[in-house]
Amino acid sequence: MATDDVAQLADSLAKAGVEEGELSYKGQGQKLDDEIVKEIQDFEGLQALRLEGNTVGVEAAQAIAKALENKSTFKQCYWSDMFTGRLRSEIPPALNSLGDALMLAGARLTVLDLSDNAFGPDGVKGIEKLLKSSTCHTLQELRLNNCGMGIGGGKILAASLTQCHKNSSAENCPLSLKVFVAGRNRLENDGAIALAQAFQLMGSLEEIHMPQNGINHPGVTALATAVQHNPNLRILNLNDNTFTDKGGIAMAQALKHLSNIQVINFGDCLVRPAGAIAIAETVSEGLPILKELNLSFCEITEEAALKVAQAVKHKDTLEKLDLNGNCLGEDGCKAVQDAMEEMNMGQRLGSLSDDEGEPEDDDEDEDDDEEDEEEDEEDVDEEEIEEEEEDDDGEEEEEEEEPKVSSNPSFTFSTPSSAPKPPDVSSFLSFPSPDKLLKLGDRRAYLIEQRVDVTDAMKTAEAFLKISSVYKDDNKEVKDAVLESVDALLKKAYSSPSFQGFSFVSSLLILLGLIKSEDKVKPVLVVPGHLQALEHVVQQDYFPKENVAVLEAFMSR
């Protein structure tokens, strides 16, 4: 890279510490005032606005909306967790005001992130008009994680996306949504089935994230049908729903049509032996670029687990196979480990430390469980939907750890009751120490990469520095654990299409105190581990050379 190019990039990073055209008030925890509204209004060429971690009421939203009315270049709404402490009744009118402004401006959105706003079905109604409008014809990422939408909200969302696709197709620019995120929303079967129809219609999805939604095999089967029509799908995350073998077999058939799939996360999904064997057959026959397969806590037995292990034999791209928390027994665990070692893939097998032991002979009970599940699914009716919509305690919804409907006993199978809690990654990232990192065990890299939101460049940079701060050159075990963890974190980050590499580098430079940020971010205390880890990662294939050049330009000063 030419010196002039590096200088230009460095100058751009030093000015804002963010991507060009982005204005950020992220994490400031404040009620937005007139000064901030004026900054938005005066920002020429505004493309992205970050309001995460603030509290926006109806009046503030109207003021911001007024400032956005002439922003025709606007593209990206990063508005997760922006109604902190607000009543749920305030959110729909606030969203309506913001949406009306974007439509008036003639904006063309590519990203709409409203995650972690517990607005329920009424909140979805607040963006319904926006989603149907031409402003969303260009939408590529829709993130609505942990919003408490419920069945009713899921149906409204599906209808809005369907209408948007119809309207945009009429203008010869059909909606081509690439990333859909809606975990922890209690969508259940009816919500999932409605969304599956919209997914099938669009056919453009590359990532689907719908964990913890109380979806049973009817909903899973509908999603399986839908994903077949999305041939570019790379990531399918349905963690902690309830497949049973019926859903597992249906999904295995669907996967045969997804040659581009890289990450399959069916952990805590109760696929059972039959579902696991069907998935193993699909993996064995295709999926040439598979990187990660998670079938943990699925009541899989030794025979099925061995078939899964044998299925990945020729998967050179495979990075992780997770079969933890199943029913293998001591001999079964050893058999799976030996099988992976024989294929020279032992390091790619996750820990089996939470194995549930060999199952008892309970085939009849299993059949009874499925019959009970089908009866429970028939009980879902309008009364249940009304209960979803009447639940107005937004903050409790947001903090709920297991947002599952208690009326359906089949949900209790999602996480085995005797499974111990996973190692405390949060504790390590809050107060890093070599001992805490080692105690995370062999799965530390996986646990950390799952915990960190790699779509957020600053969070990724913070996590990188926290991990590398415990680096010890004279302790090989700690050193290897650090480098393994930062490699896993950054590999995942740079493989994500939404990850902004230069924003990550910029965030690193801000945290290291080498450039200033408008957000007044406090630099960390730089320790040798930071530099040692940086020296390591810049030499890896996943780290772009242009990013190395920018780092060198600043570090050499």
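The model shown is predicted, which means the values in this text are computed figures rather than measured ones. (Residues numbered from 1 in each chain as written. Predicted model: local features only at pLDDT ≥ 70, side-chain atom pairs only at ≥ 80, totals over all residues. Heavy atoms only, no water.)

### Describing the overall build of the chain
Within the chain, the regular secondary structure consists of 23 helices and 11 strands. Going through the 557 residues of the chain one by one, you find that 56% of them count as buried. Considering only contacts in the chain between residues 6 or more positions apart, those separated by 24 or more positions represent 83%. Total accessible area on the chain is roughly 24,200 Å²; 45% of this is exposed by carbon and sulfur atoms. (Helix = DSSP H or I, 4+ residues; strand = E, 2+ residues; numbered from the N terminus. Buried < 20%, exposed > 50% of the residue type's maximum accessible area, 1.4 Å probe, protein only. Contact = heavy atoms within 4.5 Å. Areas by Shrake-Rupley, 256 points an atom, 1.4 Å probe, with all protein chains shown as cover.)

### Describing helix α21 (residues 501-511)
Residues that lie three or four places apart on an α-helix share one face, since the helix turns once every 3.6 residues. Counting buried positions over the 11 residues of α21 gives 10, a clear majority of the element. Taken as a whole, α21 has its buried residues at Gly501, Ser503, Phe504, Val505, Ser506, Ser507, Leu508, Leu509, Ile510 and Leu511. Downstream of α21 by a residue or two, Gly513 has a phi angle that is positive, lying close to 80°.

### Points about the sheet that holds strand β5 (residues 141-143)
If you trace the 11 strands from one edge of the open sheet to the other, you get β1-β2-β3-β4-β5-β6-β7-β8-β9-β10-β11, paired in parallel fashion. Of all the strands in the sheet, the pair left with one neighbour each is β1 (22-24) and β11 (320-322). The mean angle between the axes of side-by-side strands here comes to 5°, regardless of whether they run parallel or antiparallel. Across three bridges, strand β4 (residues 111-113) lies against β5 in parallel orientation. In the strand pairing of β5, Leu112 is matched with Leu142. (Pairing = 2+ DSSP bridges. Axes fitted to C-alpha atoms, helices over the stretch in contact; angles between N-to-C directions.)

### What about the pattern of salt bridges?
Two side chains of opposite charge can pair, provided their charged atoms sit close to one another. Under the defined criterion, the tally for this structure stands at 19 salt bridges. Asp100 is the salt-bridge partner of Lys129, the closest N and O atoms lying 3.1 Å from each other. Residue Lys129 is found in helix α5 (residues 120-132), and its partner Asp100 is found in helix α4 (residues 91-105); the two are separated by 29 residues along the sequence. A salt bridge links Arg234 to Glu207; its shortest N-O distance comes to 3.1 Å. Placement of the pair is Arg234 in the loop between α8 (217-227) and β8 (235-237) and Glu207 in strand β7 (residues 207-209), with a sequence separation of 27 residues. By relative accessible area, which is 13% here, Arg234 ends up buried. Connected through shared salt-bridge partners, Glu22, Arg50 and Glu52 make up one network. (Salt bridge = Lys/Arg side-chain N within 4 Å of Asp/Glu carboxyl O.)

### What to know about unusual backbone geometry
Its identity is not glycine, yet Asp268 carries a phi of approximately 60°, on the positive side. One non-glycine residue with positive phi stands out, namely Phe297, at about 50°. Tracing the backbone shows Phe297 in the loop between β10 (292-294) and α11 (302-311). Take Phe297: its relative accessible area is 14%, and that puts it in the buried class.

### Re the packing of aromatic side chains
Taken as a whole and judged by the stated rule, the model has six aromatic pairs. On the basis of an interplanar angle of 65° and a centroid distance of 5.0 Å, the ring pair of Phe180 and Phe199 is categorised as edge-to-face. Highlighted residues: Phe180 in strand β6 (residues 179-181) and Phe199 in helix α7 (residues 188-202), separated in sequence by 19 residues. Each member of the pair, Phe180 as well as Phe199, carries the same accessibility label: buried. Between Tyr494 and Phe543, the ring centres sit 5.4 Å apart and the planes meet at 65°, which makes this aromatic pair edge-to-face. You can see Tyr494 sitting in helix α20 (residues 476-495) and its partner Phe543 sitting in the loop between α22 (528-537) and α23 (545-555), a full 49 residues away along the chain. Tyr494 gets classed as buried once you look at its relative accessible area, which sits at 18%. Its relative accessible area of 1% is what places Phe543 among the buried residues. In this structure an aromatic cluster arises from ring pairing among Phe464, Tyr494, Phe504 and Phe543. Across from the ring centre of Tyr78, 3.9 Å away, lies the NZ or CZ of Arg50, which sits over that ring. (Phe/Tyr/Trp six-rings, centres within 6.5 Å; stacked < 30°, edge-to-face > 60°. Lys NZ or Arg CZ within 6 Å of the ring centre and 35° of its normal.)

### Focus on helix α6 (residues 150-170)
Spanning 21 residues, α6 covers 31 Å between terminal C-alpha atoms, matching the ideal 30 Å at 1.5 Å per step. The first or second residue beyond α6 is Asn172, which carries a positive phi of 60°. (Expected span 1.5 Å × (residues − 1).)

### Some remarks on the state of the cysteines
Such a bond, covalent and formed between the sulfur atoms of two cysteines, is termed a disulfide. Considering all chains together, one arrives at zero disulfides under this definition. Cysteine Cys164 shares no disulfide, and the gap to the nearest cysteine sulfur, in Cys136, comes to 5.9 Å. For the unlinked cysteine Cys173, the closest cysteine sulfur is that of Cys164, found at 8.8 Å. What makes Cys173 partly exposed here is its relative accessible area of 34%. (Disulfide = S-S within 2.5 Å.)

### Description of the confidence of the model for the chain
Predicted confidence across the chain gives a mean pLDDT of 83, with 83% of residues reaching 70 or more. In the predicted structure, residues 1-18 sits below a pLDDT of 50 and forms 23 contacts with residues beyond four places in sequence or in another chain. Within the model, pLDDT remains below 50 along residues 362-368, and this stretch shows two contacts once partners closer than five positions in the same chain are excluded. (pLDDT = per-residue confidence, 0-100.)

### Concerning the nonpolar core
If you look at the biggest cluster of nonpolar residues, it comprises 113 residues, and the most contacted ones within it are Leu68, Trp79, Phe180 and Phe266. Those residues within four positions of Phe266 in sequence are excluded, and the remaining contacts are Leu236, Leu238, Phe243, Met251, Leu255, Ile279, Asn294, Leu295, Ser296 and Cys298. Core analysis: the second largest hydrophobic core is formed by 45 residues, Leu447, Ala457, Phe464 and Val482 among them. (Core = buried A, V, L, I, M, F, W, Y, C linked by side-chain atoms within 4.5 Å.)

### Focus on the packing of helix α19 (residues 457-468) against α21
Packing of α19 against α21 brings their axes to within 8 Å, and their N-to-C directions diverge by 55°. When the axis of α19 is compared with that of α21, the two are oblique. Crossing of α19 against α21: the hand is right-handed. Between α19 and α21, the contacting residues are Ala457, Met458, Thr460, Ala461, Glu462, Phe464 and Leu465 on the first element and Ser503, Phe504, Ser507, Leu508 and Leu511 on the second. Grouping the constituent residues of the contact of α19 with α21 by class yields eight nonpolar, three polar and one charged. (Parallel < 35°, antiparallel > 145°, perpendicular 65-115°, else oblique. Left-handed = near helix turned anticlockwise from the far one by under 90°. Nonpolar A, V, L, I, M, F, W, Y, C, P; charged D, E, K, R; others polar.)

### Side note on the environment of Ala488
Note on placement: Ala488 falls in helix α20. Through-space distance from the C-alpha of Ala488 to that of Glu319 is 9.5 Å; in sequence the pair is 169 residues apart. In contact with Ala488, other than residues within four places in its own chain, are Ala445 and Glu449.

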